[in-house]
Amino acid sequence: MYYICLDCGCIFEEPESYTETHGLDYPPYEEYCGCPSCGGGYTETYICDCCGSFIETDTYVQIGDERYCENCFVIKELGE
């Protein structure tokens, strides 16, 4: 599974675990997962089964187990 950072666009396989102390010397500390490059938020991304590029948006078509990016499919109306 791959992830894409919503802030810097970095693509990675494993999110980094961070601990934010907010200047405190004792717990409770804030723990969160984020991008390994910048610590930003992330979401899942997929590899297009046609061209092999990463799908960086929510615009893709899934047919069975295969996913196609917006550059590899054309949306048509019925009858076209």
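Before reading further, recall that the structure is shown in the block above.
Keep in mind that what you see is a predicted model, and the values were worked out from it rather than measured.

Draft legend 1. Fine view of the overall build of the protein. For the protein, the count of helices and strands is 0 helices and 8 strands. Secondary structure elements of the protein, listed N to C terminal, follow the sequence β-β-β-β-β-β-β-β. In terms of principal-axis extent, the alpha carbons of the protein reach across some 65 × 20 × 20 Å. For the protein, buried positions account for 20% of its 80 residues. The long-range fraction of contacts in the protein, counting pairs at least 24 apart against all pairs at least 6 apart in sequence, stands at 31%.

Draft legend 2. Representation of the environment of Phe12. With respect to the element layout, Phe12 can be found in strand S2 (residues 11-12). Judged by its relative accessible area of 7%, Phe12 is buried. Note: C-alpha distance between Phe12 and Ile75 (63 residues apart in sequence) is 30 Å.

Draft legend 3. Broad picture of the sheet that holds S2. Across the sheet, which stays open at both edges, the 4 strands sit in the order S2-S1-S5-S6 with antiparallel pairing between neighbours. Whereas interior strands pair on both sides, the edge strands pair on one side only; in this sheet they are S2 and strand S6 (54-55). Note that strand S1 (residues 2-5) and S2 share 2 bridges and pair antiparallel. Counterpart to Ile4 in the pairing with S2 is Ile11.

The rules behind these values
- Residues numbered from 1 in each chain as written.
- Predicted model: local features only at pLDDT ≥ 70, side-chain atom pairs only at ≥ 80, totals over all residues.
- Heavy atoms only, no water.
- Helix = DSSP H or I, 4+ residues; strand = E, 2+ residues; numbered from the N terminus.
- Buried < 20%, exposed > 50% of the residue type's maximum accessible area, 1.4 Å probe, protein only.
- Contact = heavy atoms within 4.5 Å.
- Pairing = 2+ DSSP bridges.

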